[in-house]
Amino acid sequence: MSSETTKASQSVTGPRLAVNIAGIEMKNPVMPASGTFGYGEEYAPFLDLENIGAIVTKGLSLKPKAGNPTPRIAETISGMLNAIGLQNVGVDAFIKYKLPFLREVTTPVIVNFFGNTLEEYGEVAKRLSDIPEVAGVELNISCPNVKKGGIVFGTDPKAAAEVVSLVRKNLAKPLIAKLTPNVTDITVIARAVEESGADAICCINTLTGMSIDIKTRRPRLANRTGGLSGPAIRPIAVRMVHQVAQTVKVPVIGVGGIVRPSDAIEFLIAGATAVQVGTANFVDPGIMPAIVEGIEQYCIEEGIDDINELVGSLQV
Amino acid sequence: MKNYKTMVLSNQEISPGYYRMRILAPGFGASARPGQFVMFRVQTSLPPLLRRPFGIFRTGFLPPDCEGQPPKEYLELLYKVVGRGTNIMAGLHHGDRVEVLGPLGRGFDPGNPAEEKILVGGGIGLVPLYMLASHLTKTSSVRLLMGGRTREDILAVTEFERLGVETYVSTDDGSLGEEGLVTEVLKRKLEKFPGASVYACGPMPMIEAVQRICAERKVPLQVSLEALMACGLGACLGCVVKGAGHSEEIPRYLCTCKEGPVFRAEQLDWARMGEETGYCEGCKS
Ligand SMILES: Cc1cc2nc3c(=O)[nH]c(=O)nc-3n(C[C@H](O)[C@H](O)[C@H](O)COP(=O)(O)OP(=O)(O)OC[C@H]3O[C@@H](n4cnc5c(N)ncnc54)[C@H](O)[C@@H]3O)c2cc1C
Ligand SMILES: Cc1cc2nc3c(=O)[nH]c(=O)nc-3n(C[C@H](O)[C@H](O)[C@H](O)COP(=O)(O)O)c2cc1C
Ligand code: FES
């Protein structure tokens, strides 16, 4: 190949956006946050699923889960509170009814899941282990909206290590541990999950919050408290991603309040190898490809040939 | 279903606190069915963060500005100013940029054309009923029973009449039409037309009363519900209501945005409906 054609093809392809999260090859670093993108098909009319880095599904449990009473959501300043309570179809129904749609897409599928007990985490992991279409799993040890499971495993380093080790044993796939910000020191948990076998860390899940109707003096959510998401939490998420990226060697996925390309870039500079977009999908269902485009534009403007150069490039 | 990045054509106050907005939406009408709704982004900057759900009042075409141009297709909303988002909406003018996602959800089942149709609307609940009436009047005899607190809450009655709908108005304070509840009118009409089917949209206490009346008489009923929504697409699971047969052991939640907003009465668990959807005092009363 002549040097001229090489140059030409380079200018056509633009900067390299591909990233690798624990063996999961992604065309670009942008994927949805679990619970904000359904099982993928809900958003298919608004974006080309081939154009995002990965698909992350709604959190699954062993048995179908009903979720919390309503009202389950409340809008707040630049954010929203939710107390969905992890309503989902269950892992078996997912495999039977939801996976066939995702099979048609070449984009890697990351399945988010949780258990009420340690055993349940292990059992769900086992069932996902045999499914070739599942590129990796994201272990939710961080949901603030359920009494059992979820956050209980994510706030205590010993429990977090235990659940990650068990899932690791039951599953031969890339394992991402999703952490909660509702702790004093997130780096302690990050270290614990890395040491017990997590291949990547996703941070953060929602922050526990509350909103009160001042007329009725009642909580706006039936569950009283809920998880805060959206732009309101972004600075906290960026800080935590930075702290965790400094602490662990495994790749970090940044999530929390991304609504624009510049928000995603902030996370990458802070040390995230990839990002997840959550609440913003509700506001604009076509947002993720627009964020990918914006990141690409930024790379061109800044003379960045490979997105990985940007990761952790914070100047202090 | 599409996300329209479009603009406002007109926005007028039609009664104190009630507005009618026309939005440019090419191709929208062909896919929109009565009872469906849109998620409306009141401005492209933040806040407010979330979109607001609104029923589709009607779709239509404006004559072109000059000869040779195609007519402009519009989508029309009718809304009541209640809070932050609708306040911003009230300030929008011709040419302002907005985003509209839709048409969303399941609409009304038009049912058997031979049956008498009774539409029961409370306040802003008339919105989806108008588009329904414009379809039903092509084949069936349609009556509208319209209730409100005062005369200012009674909207678009002449529009319904123009469709050939027989309308009956009642207000709590008697300032327009009959004094009293719309449900009293409904009881009388059901006596006169025992084979009728009923379609209702309005505040939850009204819907619950309509449900009781129809259940006692075994009259088929479809209701359009409101719920707090974040996505409008069935992804967030924020908008659920309890379905018939719901229990702690076998929970049955239905998504208002995707499986609704229109439900057949027998799909729902009426025992705790008011409690379940009681997020807003204004909507309860
Ligand atoms: C399917 C559907 C169709 C609707 N159709 C119409 C219509 O045609 N005309 C009309 O005037 N109103 C309609 N509503 C109600 C309308 O969505 C609310 O009045 C509006 O969202 C209030 O927004 P706000 O910012 O002014 O109020 P705020 O009180 O400031 O809103 C705060 C939050 O609560 C939500 N919210 C408040 N009230 C409601 C409500 N009743 N239903 C759902 N979400 C609510 C808002 O979306 C927002 O997220 C409909 C609601 C639904 C679910
Ligand atoms: C409605 C809703 C449902 C969610 N469900 C899940 C879930 O099932 N599993 C999970 O790990 N995180 C869940 N989350 C958390 C998000 O994945 C994400 O961590 C959080 O919303 C912060 O990102 P954002 O600010 O971009 O929304 C949910 C968030 C929202 C708003
Ligand atoms: S509004 Fe999100 S599921 Fe209905």
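Predicted model only: the values in this text are computed from it and were never measured. (Residues numbered from 1 in each chain as written. Chains lettered and ligands numbered in written order. Predicted model: local features only at pLDDT ≥ 70, side-chain atom pairs only at ≥ 80, totals over all residues. Heavy atoms only, no water.)

Chemist: Please give an account of the overall build of chain A that cites residues and values.
Modeler: A count of helices and strands for chain A gives 10 helices and 16 strands. Against the 2.2 N^0.38 benchmark of 20 Å for 316 residues, chain A shows a C-alpha radius of gyration of 19 Å, consistent with a compact globule. The dimensions of chain A, computed from C-alpha atoms along their principal axes, are 70 × 50 × 40 Å. By the burial criterion, 59% of the 316 residues in chain A qualify as buried. Surface summary for chain A: the accessible area is close to 12700 Å², and the carbon and sulfur share equals 52%. (Helix = DSSP H or I, 4+ residues; strand = E, 2+ residues; numbered from the N terminus. Rg over C-alpha atoms; globule rule 2.2 N^0.38 Å. Buried < 20%, exposed > 50% of the residue type's maximum accessible area, 1.4 Å probe, protein only. Areas by Shrake-Rupley, 256 points an atom, 1.4 Å probe, with all protein chains shown as cover.)

Chemist: Describe helix 6 (residues 186-195) of chain A, and please don't skip the residues or the numbers.
Modeler: When helix 6 of chain A is considered as a whole, its buried residues turn out to be Ile 186, Thr 187, Ile 189, Ala 190, Ala 192 and Val 193 of chain A. One or two residues past the end of helix 6 of chain A sits Gly 197 of chain A, with phi positive at roughly 115 degrees.

Chemist: Account for the interface of chain A and chain B, naming residues and giving values.
Modeler: Counting residues at the interface gives 32 residues for chain A and 31 residues for chain B. Of the roughly 2600 Å² buried where chain A meets chain B, counting both sides, 64% is carbon and sulfur surface. In this structure, the connection of chain A to chain B is made through 2 salt bridges. One salt bridge in this structure joins Asp 284 of chain A and Lys 5 of chain B, with 3.5 Å as the shortest N-O distance. Inspection of the chain A/chain B interface yields 6 residue pairs in polar contact (both at pLDDT 80 or more). Those elements that provide at least two residues to the side of chain A that touches chain B are strand 5 (73-76), strand 6 (79-82) and helix 9 (280-283) of chain A. When grouped by side-chain class, the residues that make up the side of chain A that touches chain B number 16 nonpolar, 11 polar and 5 charged. (Contact = heavy atoms within 4.5 Å. Buried area = accessible area lost by both parts, 1.4 Å probe. Salt bridge = Lys/Arg side-chain N within 4 Å of Asp/Glu carboxyl O. Polar contact = N/O pair within 3.5 Å; in protein donor to acceptor, adjacent residues only side chain to side chain. Nonpolar A, V, L, I, M, F, W, Y, C, P; charged D, E, K, R; others polar.)

Chemist: Give me the lowdown on the sheet that holds strand 14 (residues 225-229) of chain A, citing residues and values where you can.
Modeler: All names here are of chain A. With respect to topology, 4 strands assemble into an open sheet ordered 5-6-14-11, the strand pairing being antiparallel. Of all the strands in the sheet, the pair left with one neighbour each is strand 5 and strand 11 (207-210). Each strand of the sheet is rotated relative to its neighbour by a mean of 40 degrees, with strand direction disregarded. Note that strand 11 and strand 14 share 4 bridges and pair antiparallel. Its bridge partner being in strand 14, Thr 208 is matched across the sheet by Gly 227. (Pairing = 2+ DSSP bridges. Axes fitted to C-alpha atoms, helices over the stretch in contact; angles between N-to-C directions.)

Chemist: For the site of ligand 1, give the residues involved together with the corresponding values.
Modeler: Around ligand 1 there are 22 residues in total, and Pro 53, Lys 80, Gly 85, Thr 86 and Glu 226 of chain B lie nearest to it. Around ligand 1 the close residues trace back to chains A and B. A distance of 2.9 Å is found between a nitrogen atom of ligand 1 and a backbone nitrogen or oxygen belonging to Leu 78 of chain B. Separating an oxygen atom of ligand 1 from a side-chain N or O atom of Thr 86 of chain B is a distance of 2.4 Å. (Near = heavy atom within 4 Å.)

Chemist: Describe the packing of helix 8 (residues 261-270) of chain A against helix 10 (residues 287-302) of chain A, naming the residues involved and giving the relevant values.
Modeler: What describes two packed helices is the angle between their axes and the distance between those same axes. All names here are of chain A. The N-to-C vectors of helix 8 and helix 10 enclose an angle of 65 degrees; their axes lie 8 Å apart at closest approach. In terms of crossing hand, the pair formed by helix 8 and helix 10 is right-handed. Here Pro 261, Ala 264, Ile 265 and Ile 269 of helix 8 lie close against helix 10, whose contacting residues are Ala 290, Ile 291, Gly 294, Ile 295 and Tyr 298. Split by residue class, the contact of helix 8 with helix 10 holds 8 nonpolar, 1 polar and no charged. (Left-handed = near helix turned anticlockwise from the far one by under 90°.)

Chemist: Can you tell me about the UniProt feature "binding site: FAD" (unreviewed entry) in chain B, naming the residues and giving the values?
Modeler: Residue and element names in this part refer to chain B. As recorded in UniProt, the sites labelled "binding site: FAD" (unreviewed entry) are Gly 85 and Thr 86. You can see Gly 85 is positioned in helix 2 (residues 84-90). Setting aside residues up to four positions removed in sequence, Gly 85 forms contacts with Val 42 and Arg 52. Topologically, Thr 86 is positioned in helix 2. (UniProt positions renumbered as here; feature names shortened; annotations may be inferred.)

Chemist: Please provide a residue-by-residue account of the packing of helix 5 (residues 157-170) of chain A against helix 6 of chain A, values included.
Modeler: Residue and element names in this part refer to chain A. For the pair helix 5 and helix 6, the least separation of the axes is 8 Å and the interaxial angle reads 25 degrees. One way to sum up the angle between helix 5 and helix 6 is to call them roughly parallel. For helix 5 against helix 6, the interelement crossing comes out right-handed. Mapping the contact onto sequence places Pro 157, Ala 160, Ala 161 and Val 164 in helix 5 and Val 188, Ile 189, Ala 192 and Val 193 in helix 6. (Parallel < 35°, antiparallel > 145°, perpendicular 65-115°, else oblique.)

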